[in-house]
Amino acid sequence: MISVEHLVFEYPTLRALNDVSFETKAGTITALVGPNGAGKTTLMRCIAALERPLSGSISVNGFDTHEAPRAVHRNMGYLSDFFGLYGDLTVRQSLIYAARRHGLSDSDPETAARRVGLADYLDTRAKELSRGLKQRLGIGQAILHDPKLVVLDEPASGLDPEARVALSELLIALRDGGMTVLVSSHILAELEDYATDILIMREGRIVEHRALGVAAEKMTFRIELLQSSHRLGEFLSARDDVSNLKVDGNVAVFRAANGLETASSILADAVSIGLPVCGLAPLHTSLQDAYIAHMRGEKVA
């Protein structure tokens, strides 16, 4: 869906993006994370064909952002961190205006409002909406033209916990409806609710890009004994179907070559040789775990 190759972007006194390359697949929700000043917003604006890089290339759904920016805009919905609404327009009027901006004269504001949970606010002026509902209206305007890709810069900024949960549910619904999502945020716990991939930036570079969720959980496991035993490490390290082994007292974390099938075999063999196993389960690698581990220079299983 997004393909970025050797992207370089410079401000007069700063190289904001330095040889950035990555790809995202259709149907994913990629969390773009990193410290302030890492280059996240600049990268998003380049992907949205709003900034022209010094060198490198970007394509969105097969369209080059430099060669065909209008085609990119037709395939993308973009919501910046500090987006604006016309406060005196109602939700209905805001959606109609956004539709006509995209050349959609026959749009249905009622359907668009239902899609983002604003059906009960069609005649409410934008300035009277809560922060969370304004965010929904902004997203509604961004997706009126049914884009393949939605790019959101800090969408949860300033939202209360209830509104963040509602936003998570909305983004999952967009993905289930066929959209690919790229979203940045400093709230890792919130991203954890819906992200399928993590993209970590630091000092203008991509330093980590990995999948999260079920696929990883099926491969990484944690086994625990009732008491410490040197036999645990010896037992696991002798197996060809175990890698990335880490043993700490009575606990070991490892990658299983064939996921649950290998884990089941390990459990049966451990019990058969008398190891006092009290638990074996998939180890979930959270977005926050992956981010913190990378920032500390640790290797994530």
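Residues numbered from 1 in each chain as written. Predicted model: local features only at pLDDT ≥ 70, side-chain atom pairs only at ≥ 80, totals over all residues. Heavy atoms only, no water.

K.L.:
Honestly, the overall build of the chain in this entry has me stumped. Any pointers?
P.N.:
Along the chain, the regular secondary structure elements total 11 helices and 14 strands. With the C-alpha coordinates aligned to their principal axes, the bounding extent of the chain is approximately 70 × 45 × 30 Å. In the chain, buried positions account for 45% of the 301 residues. By sequence separation, contacts in the chain at least 24 residues apart represent 69% of the contacts at least 6 residues apart. Here the chain contributes 31 positively and 38 negatively charged side chains, and the mean placements of these two sets differ by 4 Å. (Helix = DSSP H or I, 4+ residues; strand = E, 2+ residues; numbered from the N terminus. Buried < 20%, exposed > 50% of the residue type's maximum accessible area, 1.4 Å probe, protein only. Contact = heavy atoms within 4.5 Å. Lys, Arg positive; Asp, Glu negative; His and termini not counted. Charge placed at Lys NZ, Arg CZ, Asp CG, Glu CD.)

K.L.:
Explain the layout of surface pockets to me, please; I cannot follow it from the model alone.
P.N.:
A probe as big as a water molecule, rolled over the atoms, marks out the empty space that is left. Considering only enclosed or pocket space, the largest pocket measures out at about 410 Å³ in volume. Taken together, 21 residues line the largest pocket, and the ones lying closest to its centre are Tyr-78, Leu-79, Arg-101, His-102 and Ala-142. Contributing elements (two or more residues each) for the lining of the largest pocket: strand 6 (76-79), helix 3 (91-101) and helix 5 (131-142). Here the lining of the largest pocket is composed, by residue class, of 11 nonpolar, 9 polar and 1 charged. (1 Å grid on protein atoms, 1.4 Å probe; cavity = no way out; pocket = protein on both sides within 12 Å on 5 of 7 lines; lining within 4 Å. Points joined across faces, edges and corners; volume = space filled by probe spheres on them. Nonpolar A, V, L, I, M, F, W, Y, C, P; charged D, E, K, R; others polar.)

K.L.:
Is there a simple way to think about the pattern of salt bridges in this case?
P.N.:
Here the idea is simple: oppositely charged side chains can pair when their charged atoms come close. With the rule as written, the count across this model stands at 13 salt bridges. Here Asp-241 makes a salt bridge to Arg-239, at a shortest N to O gap of 3.0 Å. By the burial criterion, Asp-241 is buried, and Arg-239 matches it. Through salt bridges with shared partners, a single network forms among Asp-88, Arg-125, Lys-127 and Glu-128. (Salt bridge = Lys/Arg side-chain N within 4 Å of Asp/Glu carboxyl O.)

K.L.:
Would you take a moment to explain the sheet that holds strand 13 (residues 251-256) for this structure?
P.N.:
On the basis of which strands lie adjacent, the open sheet formed by 4 strands has the order 12-13-11-14 and antiparallel pairing. Whereas interior strands pair on both sides, the edge strands pair on one side only; in this sheet they are strand 12 (242-248) and strand 14 (277-282). Taking the axes of each pair of neighbouring strands and ignoring which way they run, one obtains an average angle of 15° across the sheet. Strands strand 11 (220-225), strand 12 and strand 13 of the sheet are contacted by helix 9 (residues 230-237), whose axis makes an angle of about 175° with strand 12. Here helix 10 (residues 260-272) sits on the sheet and contacts strand 11, strand 12, strand 13 and strand 14; the angle it forms with strand 14, its principal contact strand, is near 175°. (Pairing = 2+ DSSP bridges. Axes fitted to C-alpha atoms, helices over the stretch in contact; angles between N-to-C directions.)

K.L.:
Mind showing me how you'd approach the nonpolar core here?
P.N.:
Here is a general trend for soluble globular proteins: nonpolar side chains tend to be buried in one another's company. Ile-139 and Leu-152 are the most contacted members of the largest nonpolar core, which totals 40 residues. The biggest single contributor to this core is helix 6 (residues 161-176), with 5 residues. Other than its neighbours up to four places away in sequence, Leu-152 contacts Met-44, Leu-79, Ile-139, Leu-171, Val-181, Leu-182, Val-183 and Ser-184. Grouped together as the second largest cluster of nonpolar side chains are 25 residues, Leu-17, Phe-22, Val-60 and Leu-199 included. (Core = buried A, V, L, I, M, F, W, Y, C linked by side-chain atoms within 4.5 Å.)

K.L.:
Just checking my understanding: could you explain the environment of Arg-115 for this structure?
P.N.:
Position of Arg-115 relative to the elements: it lies in helix 4 (residues 109-115). A relative accessible area of 37% means that Arg-115 is categorised as partly exposed. Taking C-alpha positions, Arg-115 is 51 Å from Arg-239, a pair spaced 124 residues apart along the chain. If we skip the residues at most four places from it in the chain, Arg-115 touches Ile-143, Asp-146, Leu-170 and Met-179.

K.L.:
Just checking my understanding: could you explain the packing of helix 5 against helix 6 for this structure?
P.N.:
The description of two packed helices rests on the angle between their axes and on the distance between the axes. The geometry of helix 5 relative to helix 6 is characterised by a closest axis approach of 10 Å and an angle of 15° between their N-to-C directions. Comparing their axes, helix 6 and helix 5 come out roughly parallel. Where helix 5 crosses over helix 6, the handedness of that crossing is right-handed. For the pair helix 5 and helix 6, contact is made by Gly-132, Arg-136 and Ile-139 and by Ala-163, Ala-166, Leu-167, Leu-170 and Leu-174, respectively. Within the contact of helix 5 with helix 6, the residues separate by chemical class into 6 nonpolar, 1 polar and 1 charged. (Parallel < 35°, antiparallel > 145°, perpendicular 65-115°, else oblique. Left-handed = near helix turned anticlockwise from the far one by under 90°.)

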